[in-house]
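# Coordinates in review
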Amino acid sequence: MAAGLLVVGTGLLGTSVGLALRGDTDVLLHDRDPVAVATAAARGAGRSWDGVEPADHVLLATPPAVVAEELVRLQRLGVGRTWSHVSSVQAPVQAAAQAAGAELAALCGTHPMAGKESSGAQAASADLFRGRPWALCPSAHTGPDALAAVRSLAERCGGVPLELPAQEHDEAVALASHLPQVTASALAAVLLARSAGQQVRLAGPGLQDTSRIAASAPQLWVEVLSANAAAVGPLVRELAGELDRAATALEQLDRGAVEDLLVRGNAGRALVAVKRGGHDRDFAVVGVSVPDRPGQIAGVLLAAADAGVNVEDVRVDHLPGRPSGVVELLVAADTREDARAALAAAGWAVLP
Ligand SMILES: NC(=O)c1ccc[n+]([C@@H]2O[C@H](COP(=O)([O-])OP(=O)(O)OC[C@H]3O[C@@H](n4cnc5c(N)ncnc54)[C@H](O)[C@@H]3O)[C@@H](O)[C@H]2O)c1
C-alpha cells in the first residue's frame, strides 16, 4: 500500500507539513541534504524515503527554481498519484513545469500563507498553518483529483484553503508578502548604515515589529523576488514615491502632508487582519507592568483566565536596561474594562 504523502524538501515548510500530519498520515521524507531528512525524522515529521516507495500525494517544498526539474524526475519514477508544490510564486513555476514536460493533470500548485524568517527543519512547527489562508492555484490542466488532494492536505494541516488563479495569487502576494519583505530589508539596511551611533540601542517594539522579517534568508528571497519582479517592482516604486513625498514634507515642515500620510496609514492598517480575520479595531490592549522575574507572564495569563477574560493575543515588551517589562493582552474591545478591573483586583500593576 502506498504511503499517504511524500515530502520532497524537508526544510521549514516541508517539515512543518510532516509535523502537522503526525498521527494522521504516513509521511515519507526526502531532501538532497541527508541531515535535513534526519532532523525532520528525529522531530517526528515522518520517515526517511528509500527512493522507490510510492505515495498517494507528493509535495515539493524545495526552493521554486528546482521544482520543475524535481517534479519531472520524480513523475518519471512513477512514485506519486497527485502532486503539488508550495512555491511562494506560482505562475513562473506553473510555466516551468509545463515547459519541462510535467504531467500537468496530476499537479496543483499551492502556497500556504504561513512562514517565518528562519529556515530549515529545526525551525519547523506543527501549528505553522493553523488558521492561516492556504492558496490553491490549479492551472487550466489541473484535474479534479489533484485539486481535491491539495485541498484535503491544506485542511488536514489546519489551513484555510482559498482557490485562485496563479497570476492573481502572484499579484496578491507581491503586495501582502513581497513588498513588506523589501520594506523591512530597506529599513534594516538604513539601521546598518547608522549602527555606529547609539540610536539602534534605543530600539523599541516599533522597530522590532517593522524589521522582524529583515532577518529572512537572502538566498530564498532573492529567488522569490526575482520570480515575481514584474509585480513587486511597481509596488516598490509606489512606496518609494510615498517616502519621497514624506521626505519633502518633512524638509518643508509641511504638517498637513505628514498628517495626510499618517491618516492614510491608519486607514490602510485597518485593512490588515491581525487574528482570525479580526482587525486592530476589534481588539483592545490591556497593559500590565511586570518585574523581570520567572513566572510573571504566566501569572498574568492565569489571573486573566481565573477572571474569565478571553485573551486573544499576547505581546511582551522588554524595556532595554530595565528590570521590568510590559505584558500586553489583546482582548475583545467590549471586555477591556472588566479585564483591567479583574487584573488590578488580583494585584497586578495594570497600566492606564
Ligand atoms: N519560508 C517561508 O516563510 C515560506 C512560506 C511559504 C512558502 N514557502 C516556500 O516553501 C518552499 C521551501 O521554503 P522553506 O522556507 O521551507 O526553505 P528551507 O530552506 O527551509 O527548505 C528547503 C529545503 O529544500 C531542500 N532542497 C533544495 N533543493 C532540493 C532538491 N533539488 N531536492 C530535494 N531537496 C532540495 C533543501 O536542502 C532544504 O532542506 C519555497 O518554495 C518557498 O518559496 C516558504
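Residues numbered from 1 in each chain as written. Predicted model: local features only at pLDDT ≥ 70, side-chain atom pairs only at ≥ 80, totals over all residues. Heavy atoms only, no water.

### Structural notes on the overall build of the protein chain
Inclusion rule: For helices the rule is a DSSP run of H or I covering at least 4 residues; for strands it is a run of E covering at least 2, with both sets numbered from the N terminus onward. Here's how the labels work: a residue is buried when its accessible area is under 20% of the maximum for its type, exposed when over 50%, partly exposed in between, all with a 1.4 Å probe on protein chains only. The contact rule is simple, with two residues in contact once any of their heavy atoms fall within 4.5 Å.
Along the backbone of the protein chain there are 12 helices and 14 strands. Taken along its principal axes, the extent of the C-alpha atoms in the protein chain is 65 × 55 × 40 Å. Relative to its 352 residues, the protein chain shows a buried fraction of 39%. Of the contacts formed within the protein chain by residues at least 6 apart in sequence, a portion of 69% connects residues at least 24 apart.

### Some points on helix H9 (residues 229–251)
We count it as follows: One fewer than the residue count of a helix, multiplied by 1.5 Å, yields its expected span.
Along its 23 residues, H9 runs 32 Å from first to last C-alpha, staying within 8% of the 33 Å computed at 1.5 Å per residue. Burial in H9 covers these residues: Ala 231, Val 232, Leu 235, Gly 241, Ala 246 and Ala 249. Close packing links the buried residues of H9 with helix H6 (166–193), helix H8 (218–227) and helix H10 (255–269). Downstream of H9 by a residue or two, Leu 253 has a phi angle that is positive, lying close to 45°.

### Brief notes about the packing of H6 against H9
Cut-off, in case you're wondering: Only C-alpha atoms enter the line fits that serve as axes; for helices the fit covers just the stretch in contact. Angles between N-to-C directions range over 0 to 180 degrees. Each angle gets one of four labels, with under 35 degrees taken as roughly parallel, over 145 as roughly antiparallel, 65 to 115 as roughly perpendicular, and the rest as oblique. Left-handed is the label given to a crossing in which the near helix is rotated counterclockwise from the far helix by less than a right angle, and right-handed is the label when the rotation is clockwise. Charged residues are taken to be Asp, Glu, Lys and Arg, nonpolar residues to be Ala, Val, Leu, Ile, Met, Phe, Trp, Tyr, Cys and Pro, and polar residues to be all remaining types, Gly included.
Interaxial distance between H6 and H9 falls to 9 Å at its minimum, and their mutual angle equals 50°. By the angle between their axes, H6 is oblique relative to H9. The interaxial crossing formed by H6 with H9 has right-handed handedness. Between H6 and H9, the contacting residues are Asp 170, Glu 171, Ala 174, Leu 175, His 178, Leu 179, Val 182 and Thr 183 on the first element and Ala 231, Val 232, Leu 235, Val 236 and Leu 239 on the second. Of the residues that constitute the contact of H6 with H9, the class distribution is 9 nonpolar, 2 polar and 2 charged.

### Section: the packing of aromatic side chains
Applied cut-off: When two rings of Phe, Tyr or Trp (its six-membered ring) have centres within 6.5 Å they constitute a pair, described as stacked for plane angles under 30 degrees, edge-to-face for angles over 60, and tilted for the intermediate range.
Enumeration over the complete set of coordinates arrives at 1 aromatic pair. Geometrically, the ring pair formed by Phe 129 and Trp 134 is tilted, given 5.0 Å between the ring centres and 50° between the ring planes.

### Details of the sheet that holds strand S7 (residues 133–137)
We apply this condition: A pair of strands is labelled paired if DSSP reports no fewer than 2 bridges between them.
Pairing is mixed across the open sheet formed by 8 strands, whose spatial order is S3-S2-S1-S4-S5-S6-S7-S8. The two strands at the open ends of the sheet, each matched to only one other strand, are strand S3 (47–48) and strand S8 (160–163). With 2 bridges connecting them, strand S2 (residues 27–30) and S3 associate as parallel partners. Of the residues in S3, the one forming a bridge with Leu 29 is Ser 48.

### Some remarks on unusual backbone geometry
The backbone of Leu 253 sits at a positive phi, close to 45°, despite the residue not being glycine. Relative to the helices and strands, Leu 253 is located in the loop between H9 and H10. Residue Leu 253 is classed as exposed on the basis of its relative accessible area, which comes to 71%.

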